Amino acid sequence: MGLDQKRARAFGVLYLITFVTSIPALLLYQPVLDDPIGYIAGAGHDNQILLGVLLELLLIIANIGTAVVIFPIVRRQSEEGAIGYVTARLVECTFILVGILCVLGIVTLRQETAGAAEGTVAYTLAAIKDWTFLLGPGWVVGWGNGLILGYLMYRSGLVPQRMTWLGLIGGPLIIASGTAVMFGVDHKGGALQGLATIPEFLWELFLGLYCTFKGFRPSSRILQAGDHAAATPA
């Protein structure tokens, strides 16, 4: 197996890791996000929340990993696009990290004496966490994983081109739905936003499964160019 195909499988595995970390983390956070004031005033589920934090830290590593392992390949198609994808992943992870700090702040408030002031702070931190989710996974992802990566995959032929339309369509839908929530046209987690995320969800799941089990298509011209360059003596 060539180096590019090893990178392809690593890329796929890392994408699947983003699924098994992000979705459970969001579910584990619900006691904090649904009722932050009640959480800090009650017995709390700190270990549950901290497990969610751990999963999101692993999510950050997997997110950055998807960009790092594929960068040497997709830069053969477009160096600007490859840099754009890496940048989008870093921006997304920055939002996720800010959200993690907010959640940890609420856990700390629960462990201290909770009063009216602490309840207000907890509510504010939970609101910031919601915004980080909207602006990161709910907006930046549309540009990075949807439009930029979809374009790179479409042009390079690393995966079946008909499937790349899931990203090329799903990306703008996520951007539009996230913007609609930002301006109050729709509410967070509403039906419109839920429907808009389906193509992007399927696109990322397809990438994870396809690249893990099949790798990149050997017929891709940028893989052939890489093989040719590796075979050419210096």
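Keep in mind it's a predicted model, so treat the numbers as computed, not measured.

J.: Explain the overall build of the chain to me, please; I cannot follow it from the model alone.
T.: Across its full length, the chain holds nine helices and zero strands. Starting at the N terminus and walking to the C terminus, you meet the elements of the chain as α-α-α-α-α-α-α-α-α. The principal-axis extent of the C-alpha atoms belonging to the chain is close to 70 × 35 × 25 Å. The buried share among the 234 residues of the chain stands at 47%. The contacts in the chain between residues at least 6 apart in sequence include a share of 79% that link residues at least 24 apart. When the accessible surface of the chain is split by element, carbon and sulfur atoms take 70% of a total near 11,300 Å².

J.: Can you walk me through the nonpolar core in this structure?
T.: The nonpolar side chains of a soluble globular protein tend to be buried, and buried together. With 26 residues, the main nonpolar core has Phe 11, Leu 149, Met 153, Val 159, Leu 207 and Phe 216 as its most contacted residues. Within the residue set of this core, elements represented by two or more residues are helix 1 (3-28), helix 4 (46-74), helix 5 (79-111), helix 6 (116-156), helix 8 (191-213) and helix 9 (221-231). Of all the elements, helix 4 adds the most residues to this core, at seven residues. Setting aside its immediate chain neighbours within four residues, Phe 216 contacts Asp 4, Gln 5, Ala 8, Phe 11, Ile 70, Ile 73, Met 153, Leu 158, Val 159, Cys 211 and Leu 223. Counting 20 residues, the second largest nonpolar core, distinct from the first, contains Tyr 29, Ile 40, Ile 49 and Ile 96.

J.: Is there a simple way to explain the state of the cysteines in this structure?
T.: Disulfide: a covalent bond connecting the sulfur atoms of a pair of cysteines. Evaluated as defined, the whole model comprises zero disulfides. The thiol of Cys 93 is unpaired, and the distance to the nearest cysteine sulfur, on Cys 102, comes to 16 Å. This cysteine, Cys 211, is not joined by any disulfide, and Cys 93 carries the nearest cysteine sulfur, 18 Å off. Given the relative accessible area of 0%, Cys 211 is considered buried.

J.: Looking at this model, I keep getting lost on the environment of Tyr 39. Mind explaining?
T.: Within the secondary structure, Tyr 39 sits in helix 3 (residues 36-41). Take Tyr 39: its relative accessible area is 4%, and that puts it in the buried class. For the pair Tyr 39 and Gly 81, spaced 42 residues apart in sequence, the C-alpha separation works out to 43 Å. Contacts of Tyr 39, omitting those with residues within four sequence positions, involve Pro 31, Val 32, Gly 44, His 45, Asp 46, Ile 49, Ile 106, Val 107 and Arg 110. Within the local environment of Tyr 39, its side chain forms a polar contact with the backbone nitrogen of His 45, the two atoms lying 3.2 Å apart.

J.: In this structure, what is going on with the packing of aromatic side chains? I would like to understand it.
T.: How two aromatic rings sit relative to each other is given by the distance of their centres and the angle of their planes. Here the structure, examined in full by the defined rule, presents seven aromatic pairs. Ring-pair connections join several aromatic residues into one group, and the members of that group are Phe 11, Tyr 15 and Phe 216.

J.: So what exactly am I meant to see when it comes to the pattern of salt bridges here?
T.: Close approach of charged atoms allows side chains with opposite charge to pair. Tallied over the entire structure, the rule returns six salt bridges. In this structure, the salt-bridge partner of Asp 46 is Arg 110, at a minimum N-O distance of 2.8 Å. Note that Asp 46 is positioned in helix 4 and Arg 110 in helix 5, a separation of 64 residues in sequence. This pair shows no difference in class: Asp 46 is buried, exactly as Arg 110 is. What emerges from the salt-bridge pattern is a single network uniting Asp 4, Arg 7 and Arg 76.

Calculation rules
- Residues numbered from 1 in each chain as written.
- Predicted model: local features only at pLDDT ≥ 70, side-chain atom pairs only at ≥ 80, totals over all residues.
- Heavy atoms only, no water.
- Helix = DSSP H or I, 4+ residues; strand = E, 2+ residues; numbered from the N terminus.
- Buried < 20%, exposed > 50% of the residue type's maximum accessible area, 1.4 Å probe, protein only.
- Contact = heavy atoms within 4.5 Å.
- Areas by Shrake-Rupley, 256 points an atom, 1.4 Å probe, with all protein chains shown as cover.
- Core = buried A, V, L, I, M, F, W, Y, C linked by side-chain atoms within 4.5 Å.
- Disulfide = S-S within 2.5 Å.
- Polar contact = N/O pair within 3.5 Å; in protein donor to acceptor, adjacent residues only side chain to side chain.
- Phe/Tyr/Trp six-rings, centres within 6.5 Å; stacked < 30°, edge-to-face > 60°.
- Salt bridge = Lys/Arg side-chain N within 4 Å of Asp/Glu carboxyl O.

Shape descriptors only; they carry no functional weight alone.
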